[in-house]
Amino acid sequence: MGTTLDKKLVIAISSRALFDLSKSHQVYEEEGLNAYSDYQIEHEEEPLEPGEAFPLVEKMLRINARLGNDKGVEVVLLSRNSADTGLRVFNSIQHYGLTISRAAFCGGESPWRYINAFGCQLFLSSEAEDVRNALECGVAAATLVSNKGANRSTDQLRFAFDGDAVLFSDEAERVFKAQGLDAFTASEQASARTPLSGGPFKSFLSALHDIQQALPAEDPPIRTALVTARSAPTHERVIRTLRAWNIRIDESIFLGGLDKTEFLRAYEADVFFDDQPAHCASASPHVATGHVPHGVANEH
């Protein structure tokens, strides 16, 4: 039987999310593809600076030392570069000691079509169109929109998720958008014992939960948090939904419409996923932030 990644958490990352390619991308924008290729080849022995997703990837890969060989995390590079211009990217991967060995270099084409072939459960990119295509394929995906935030020095990896339209479907959010807060509250109270449908990040959260279960409870390397604008009495349906899914989440923060940024900083999130562009804009200067272009908030 050939090698498979069936038992691993597979994360796809674009080269522009993993490394800072702003200088070379500027060459491409101003001078075209040939100049970009020449630039990358000329500088291929110069390591690229880490990008927005680099700390996240580095911490995810460290978890493998605490798991068996057939489990753990596999990071796959998906890039619009050709293999020729992508040599600088792989040289940089080797320079930083990242255990990334699988990649698809697509020569200018969008790489998202390889997501399902690799069995990816998460895709992080700076290209919003690629992220939308990945979501349509049923894969959790986010566009990294953050500025350089502070990176925590510990190895523990802290994920923060919005609820509606990220972990859960946008069914309740649609009621809120169409009919207002009172109707939303009444609807959620009436449906408190009916689990919400899963959103685009349900499977990814489940995979994280499985890894957490395989690790010692003391000094866990992964911690998860729900950071939601909901408040009592609409909290009950969320709690019962996670219970029905048999997924444990470490912290649940019900904010009742308060700005999320200070709470994300207090939690010390390594990455935060939200569907609302306004929430992402507020958090992005302080926390690595992934916009999830899904649900009613992203319909035009």
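These lines cover the structure that appears in this document, whether it is placed above or below. Position numbers for residues start from 1 in each chain and track the written sequence from start to end. Per-residue local features are limited, in this predicted model, to residues with pLDDT of at least 70; the limit for side-chain atom pairs, both in listing and counting, is 80 or more; totals at the level of whole chains, interfaces and linings are taken over all residues. Only hydrogens and water are removed before side-chain values are computed, so all heavy atoms of the structure are retained for them.

1. Some words on the overall build of the chain
Per the secondary structure count, the chain includes 13 helices and 10 strands. Taking all 300 residues of the chain together, 50% fall into the buried category. Residue contacts are defined here by distance: any two heavy atoms, one from each residue, within 4.5 Å place the two residues in contact. Sequence-distant contacts in the chain: of pairs separated by 6 or more residues, those separated by 24 or more amount to 75%. Per element, the accessible surface of the chain, about 14000 Å² overall, is 47% carbon and sulfur. Positive charges are assigned to Lys and Arg, negative charges to Asp and Glu, while His and the chain termini are left out of the count. Charge positions come from single atoms, namely NZ of Lys, CZ of Arg, CG of Asp or CD of Glu. For the chain, the separation between the mean place of its 28 positive charges and that of its 42 negative charges on side chains is 8 Å. Under the scheme used here, helices are H or I runs from DSSP no shorter than 4 residues and strands are E runs no shorter than 2 residues, and both carry numbers assigned from the N terminus. Only protein chains enter the accessibility calculation, which uses a 1.4 Å probe; a residue whose area is less than 20% of its type maximum is buried, one above 50% is exposed, and one in between is partly exposed. Accessible areas in this description were obtained via Shrake-Rupley with a 1.4 Å probe; residue shielding takes into account the shown protein chains only.

2. Topic: the pairing of strand β4 (residues 122–125)
Along β4, one buried face is formed by L122 and L124 and the opposite face, lined by F123 and S125, is buried too. Across four bridges, β4 lies against strand β5 (residues 140–144) in parallel orientation. Bridge pairing in β5 places S125 opposite T143. On the question of chirality, the crossover connecting β4 to the parallel β5 by way of helix α7 (residues 128–136) is right-handed. One bridge is not enough; two strands pair if DSSP finds at least two bridges between them. The path from the first strand over the helix to the second decides the hand: if it runs clockwise while the strands point away from the viewer, the crossover is right-handed.

3. Describing the pairing of β5
Of all five residues in β5, five are buried, a share of seventy percent or more. Here β5 shows two buried faces, one formed by A140, A142 and L144 and the other by A141 and T143. Here β5 runs beside strand β10 (residues 289–291); their pairing, made up of two bridges, is antiparallel. Counterpart to L144 in the pairing with β10 is G290.

4. Comments concerning the nonpolar core
Core analysis: the largest hydrophobic core is formed by 69 residues, its most contacted members being L18, M60, F159, F201 and F273. Among residues more than four places away in sequence, those in contact with F159 are L56, M60, F204, L208, I222, R223, T224, A225, Y267, V271 and F273. As used in this record, nonpolar core signifies buried Ala, Val, Leu, Ile, Met, Phe, Trp, Tyr and Cys residues forming a set joined through side-chain atoms within 4.5 Å. One finds V227, I253, L264 and F272 within the second-largest nonpolar core, a separate group that totals 11 residues.

5. A short note on the sheet that holds β4
Spatially, 10 strands are ordered β3-β2-β1-β4-β5-β10-β9-β6-β7-β8 in an open sheet, and the strand pairing comes out mixed. Lying at the two open borders of the sheet, with one neighbouring strand each, are β3 (102–105) and β8 (251–254). Mean inter-strand twist for the sheet, computed between neighbouring axes without regard to direction, equals 25 degrees. Here strand β9 (residues 271–274) runs beside β10; their pairing, made up of three bridges, is parallel. Among the inter-strand pairings, D274 is bridged to a residue of β10, identified as H291. Every axis in this analysis is a line fitted to C-alpha atoms, fitted for helices over the stretch in contact. Angles between the N-to-C directions lie between 0 and 180 degrees. Lying over the sheet, α7 contacts β4 and β5, oriented at roughly 170 degrees with respect to β5.

6. A closer look at the layout of surface pockets
In the cavity and pocket records, a cavity denotes points on a 1 Å grid over the protein atoms alone where a 1.4 Å probe fits but cannot get out, a pocket denotes an open set with protein on both sides within 12 Å along at least 5 of 7 lines, and lining residues are residues with an atom within 4 Å of a point. Grid points are joined across faces, edges and corners, and a volume is the space filled by probe spheres set on the points. Reported here for the largest pocket is a volume of approximately 470 Å³. Forming the walls of the largest pocket are 24 residues, and the residues nearest its centre are Y28, Y36, R80, N81 and G108. Mapped onto the lining of the largest pocket, the elements with two or more residues apiece are α1 (15–18), α2 (22–31), α3 (33–42), β2 (73–79) and β4. Space inside the second largest pocket adds up to approximately 400 Å³. If you go around the second largest pocket, you meet 20 residues; those closest to its centre are F176, L181, F184, A229 and R230. If you list the elements that add at least two residues to the lining of the second largest pocket, you get α8 (171–179) and α9 (181–190).

7. Regarding the packing of aromatic side chains
Aromatic rings from Phe, Tyr and Trp, taking only the six-membered ring of Trp, are treated as a pair when their centres fall within 6.5 Å; an angle between ring planes under 30 degrees marks them as stacked, one over 60 as edge-to-face, and anything in between as tilted. Scanning all chains against the criterion turns up 13 aromatic pairs. With a centroid separation of 5.0 Å and an interplanar angle of 70 degrees, the aromatic rings of F54 and Y96 are classed as edge-to-face. Remark: Y96 occurs in the loop between α5 (87–95) and β3 and F54 occurs in helix α4 (residues 54–62); sequence separation between them is 42 residues. Ring plane angle 65 degrees and centroid distance 6.3 Å describe the contact between F161 and F204, whose orientation is recorded as edge-to-face. In this pair, F161 is assigned in strand β6 (residues 157–161) and F204 in helix α10 (residues 202–213), connecting sequence segments 43 residues apart. Aromatic ring contacts, followed pair by pair, group F159, F161, F201, F204 and F273 into a single cluster.

8. Topic: α10
In a helix, the anticipated span is given by 1.5 Å times the number of residues less one. Taking 1.5 Å of rise per residue, 12 residues should cover 16 Å, and α10 covers 16 Å from first to last C-alpha, within 8% of that figure. Every buried residue belonging to α10 is among F204, L205, A207, L208, H209, I211 and Q212, and all of these are buried.

9. Focus: the environment of S187
Position of S187 relative to the elements: it lies in helix α9. Separated by 11 residues in sequence, S187 and F176 place their C-alpha atoms 9.3 Å apart.

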